[in-house]
Amino acid sequence: MTLVRISDDALALACGADEVARAFEAAGCKVERVSSWGMHWLEPLAEIGGQGWGPLTAGDVASVLEGSSAKAIGRIEDHTFLASQQRLTFARAGKTRPLSLDDYAATGGWMGLDRARAMAPQQVVEEVIASGLRGRGGAGFPAGIKWRTVLQAAGPRKYIVCNADEGDSGTFADRMLMEGDPFALIEGMAIAAHAVGALQGYIYVRSEYPHAIAKLNPALDLCAARIAPFVIEVRVGAGAYVCGEETSLLNSIEGKRGEVRAKPPLPALEGLFGCPTVVNNVLTLAAIPHIMTPGGASLYDSLGVERSKGTMPIQLAGNVKHGGLCETAFGITLGELVHEIGGGTATGRPVKAVQVGGPLGAYIRPDQFDLPFDYEAYGAAGALIGHGGVTVFDDTADMGGMARFAMEFCAAESCGKCTPCRIGSTRGVELIDRIRSGGGRAPGKVESLPQMHNAPKQPRSREQEIALLEDLCETMRDASLCALGGFTPYPVLSALRHWPEDFM
Amino acid sequence: MSVAARIDEIVAAHAHREGPLLPVLHEVQAAFGCVDEEAEAAIAKALNLSRAEIHGVVSFYHDFTAKLDPRPCVELCRAEACQARGVEALVAAAEAAAGARVRLKTVYCLGLCSASPAARIGDTLHARLDEMRLARLIENA
């Protein structure tokens, strides 16, 4: 009987993978549901004996089985999209059944945990520090240093919290990992628990990811004995983008409004329920099992550039021909990502802008495409890597509109705790609207009062309005409590700087 | 069963958790289609919290609604990656197809950014939408 492997990743399902799977079954094949290779333009992708076909519809099944399908892509592992990658965190992508403990163990699963548990917690922390792994959620803080802080902190109990509130547009690597390789995340958390002395863990997943939740819960049941005495519970978010911010996330788990906490105290010292807490992103924790295998830490440290070590799962999204997951060592240029791996725009039109790092990331122009993927290089260019999302726009994009959207999004998702973000974002939308409608603003009723000596009595010019927007962005950047208000100026100012004509 | 009795049951099922409020609210929202004043009061009583504390949490999160809306709901992603593939051009037709019968809700990111535009109905996801496919989804919702 022919064995056909088709992904049950949410994206494959959204593109019709279930119908294709049923059609193969109806044709007498045995269908195995595996994780996704991350070649999303080819989903639903079917694999028979290592050969691939995609993107398939149920109507293509007969021709695939006859060997006459024009959708054949040859041997999947040799595909140029995959050949250019180096997969450590996503080593199992496309190859294993997500909920199969046998598949997991057969592909090196639990090796890292077994080795870590044979070591002293301090040694585990030192290895993670030596690997150079930095937090993949966006801030890029060295993971091992955070762990060491929690290990050394005194508290009645300690927690491991996995931040799986992947709200950034243009990112889906957390989702793919939770759906495709849930045991890797669980193993990473169990290693973290051993390293810092925690007995309870939480995975905070956004409610927009029902398929990830549906994979994590049974996965936790299946391996409960393997990770005991450590226990993990899945907590489902409730549609608040700001809960991806770590302190807001902790409040949300505690059953409170997802408002940001002022730091200090750091969550590593006073986190969940006031106890020392490791809060790490899905990709950070999922990188740990590989790092803890023999030689894993030094291999990780040997990859990448400067202070950005190891590999980064980069997500190619938006208007890109070959969208999907590209895990590669740091240092790859944006041009290589967008043009060589991504194949340019899906519409075939020239690239106008690329937003790296989600809704809070800067818009980057094609003439900056030699920028290497590296935390420091992006920081120096006034941009950020964030969670590794790369969203491509073609020349029809209205960058003034995108700047307005950034402010609008911040206003919609602000937790309301700090003024620059709560009020600034709304004023930002109004300002951009005024700038785009070409007019300045006449003095208001109060401003016109004779006793308001310092208020301008002349209408503000367009140039003054632009200066005011820049001023507002500076205030938001420097005075907001968290990255939502603090980084919204990145997309706004980069759009204003690079495409002033779109604000006319 | 009365609302209060059902809520007591839900709270009891989650009482063993640390910080049980969000799981409780999710289940109440699923059971009643909303978390209204009556439910807030019952949850407050069962968890020994003030009604203000419960209302503060309910009103903070987009997933919890104060009023029951029995209409089918289609969630359309309008974040950057979907905008890059032209979701804004589909909105007018989607609104026309939805009319008053279907609730068209804007969400920001369903995690299908490499196959955008995307929409969600219940737990079913749809990607690579164009005007016709989206209109058909809404009509069949």
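Residues numbered from 1 in each chain as written. Chains lettered and ligands numbered in written order. Predicted model: local features only at pLDDT ≥ 70, side-chain atom pairs only at ≥ 80, totals over all residues. Heavy atoms only, no water.

**Q** How do you make sense of the overall build of chain A when you look at a structure like this?
**A** Summing up its helical and strand segments, chain A has 23 helices and 16 strands in all. Reported as C-alpha extents along the three principal axes, the dimensions of chain A are approximately 85 × 60 × 40 Å. For chain A, the residues scored as buried account for 61% of the 504 residues in total. Nonlocal contacts in chain A, meaning residues at least 24 apart in sequence, comprise 71% of its contacts between residues at least 6 apart. When the accessible surface of chain A is summed, it comes to about 17900 Å², and 54% of that surface belongs to carbon and sulfur atoms. Within chain A, one finds 46 positive and 57 negative side-chain charges whose respective centroids are separated by 5 Å. (Helix = DSSP H or I, 4+ residues; strand = E, 2+ residues; numbered from the N terminus. Buried < 20%, exposed > 50% of the residue type's maximum accessible area, 1.4 Å probe, protein only. Contact = heavy atoms within 4.5 Å. Areas by Shrake-Rupley, 256 points an atom, 1.4 Å probe, with all protein chains shown as cover. Lys, Arg positive; Asp, Glu negative; His and termini not counted. Charge placed at Lys NZ, Arg CZ, Asp CG, Glu CD.)

**Q** For this particular structure, what's the right way to read the pattern of salt bridges?
**A** Side chains that differ in charge, positive against negative, can pair when their charged atoms come close. Residue and element names in this part refer to chain A. Under the counting rule described, the total for this entry stands at 45 salt bridges over all chains. For K95, the salt bridge identified is with E77, shortest N-O distance 3.9 Å. Taken as a pair, K95 in the loop between α4 (80–83) and α5 (101–106) and E77 in the loop between β5 (72–75) and α4 lie far apart in primary sequence, 18 residues in all. A salt bridge links R365 to D367; the nearest nitrogen and oxygen atoms lie 3.1 Å apart. Within this structure, R75, E77, D78 and K95 form a network of salt bridges that share partners. (Salt bridge = Lys/Arg side-chain N within 4 Å of Asp/Glu carboxyl O.)

**Q** Sorry, what's going on with unusual backbone geometry here?
**A** Outside of glycine, negative phi angles account for most residues, and trans bonds account for most peptide bonds. Backbone torsion omega between A228(A) and P229(A) reads 10°, so that peptide bond is classified as cis. The residue after P264(A), namely P265(A), is reached through a cis peptide bond having omega 5°. For F273(A), which is not glycine, the phi torsion reads 50° and is therefore positive. Position of F273(A) among the secondary structure elements: in the loop between α13 (246–253) and β9 (277–281). Phi angles above zero are rare outside glycine, and N48(B) is one such case at about 60°. Given the relative accessible area of 70%, N48(B) is considered exposed.

**Q** Whenever I open this one, the sheet that holds strand β14 (residues 351–356) of chain A confuses me. Can you help?
**A** Pairing between sheet strands relies on hydrogen bonds along the backbone, with the strands arranged either parallel or antiparallel. All names here are of chain A. In space, the five strands of this open sheet follow the order β13-β12-β16-β14-β15, with mixed pairing throughout. For this open sheet the edge positions go to β13 (324–329) and β15 (363–364), each flanked by a neighbour on one side alone. One ladder, built from five bridges, connects β14 with strand β16 (residues 389–394); its direction is antiparallel. In the strand pairing of β16, V351 is matched with D394. (Pairing = 2+ DSSP bridges.)

**Q** Got a minute to help me understand the interface of chain B and chain A in this structure?
**A** In many analyses, interface size is given as the accessible surface area lost on bringing the parts together. Contact residues are listed per partner, giving 37 residues for chain B and 64 residues for chain A. In this assembly, chain B packs against chain A so that about 3700 Å² is buried in total across both faces, 55% of it on carbon and sulfur atoms. On the chain B side of the contact with chain A, E18(B), F60(B) and E80(B) bury the most area, a combined 20% of that side's loss. The interface formed by chain B and chain A includes two salt bridges. One salt bridge in this structure joins R17(B) and E233(A), with 2.6 Å as the shortest N-O distance. If you look at where chain B meets chain A, you find 27 residue pairs in polar contact (both at pLDDT 80 or more). Of the residues belonging to the side of chain B that touches chain A, the class tally is 18 nonpolar, ten polar and nine charged. (Buried area = accessible area lost by both parts, 1.4 Å probe. Polar contact = N/O pair within 3.5 Å; in protein donor to acceptor, adjacent residues only side chain to side chain. Nonpolar A, V, L, I, M, F, W, Y, C, P; charged D, E, K, R; others polar.)

**Q** In this structure, what is going on with the packing of aromatic side chains? I would like to understand it.
**A** Geometry of an aromatic ring pair is reported as the spacing of the ring centres plus the angle between the planes. Under the defined criterion, the tally for this structure stands at 16 aromatic pairs over all chains. Between F487(A) and Y490(A), the ring centres sit 5.2 Å apart and the planes meet at 85°, which makes this aromatic pair edge-to-face. For Y490(A), a relative accessible area of 24% gives the class partly exposed. Joined through ring pairs, the aromatic side chains of Y241(A), F405(A), F409(A) and Y108(B) make up one cluster. (Phe/Tyr/Trp six-rings, centres within 6.5 Å; stacked < 30°, edge-to-face > 60°.)

**Q** Can you help me understand the sheet that holds β9(A) in this one?
**A** Residue and element names in this part refer to chain A. Read from one edge to the other, the open sheet built from four strands follows the order β8-β7-β6-β9, with strand pairing classed as parallel. Every other strand in the sheet has two partners, leaving β8 (231–236) and β9 as the edge strands with one partner each. Recorded for the sheet is a direction-independent mean angle of 20° between the axes of neighbouring strands. As paired elements, strand β7 (residues 200–205) and β8 share six bridges and run parallel to each other. Paired with I203 across the bridge in β8 is V234. Relative to strand β6 (residues 159–164), helix α10 (residues 182–196) is tilted by about 150°, and along the sheet it contacts β6, β7, β8 and β9. (Axes fitted to C-alpha atoms, helices over the stretch in contact; angles between N-to-C directions.)

**Q** Explain helix α6 (residues 88–98) of chain B here, please?
**A** Residues separated by three or four positions in an α-helix point in the same direction, a consequence of the helix having 3.6 residues per turn. Residue and element names in this part refer to chain B. Within the span of α6, buried status applies to L90, V91, A94 and A98. Buried residues of α6, viewed axially, fall in a sector of 115°; they line one side. Residues of α6 that are exposed and point more than 90 degrees away from the buried face comprise A89, A92 and A96. Of the surrounding secondary structure, the elements contacted by the buried residues of α6 are β1 (73–77), β2 (103–107) and α7 (131–140). Phi for G99, located one or two positions after α6, is positive at around 55°. (Arc of directions from axis to C-beta.)

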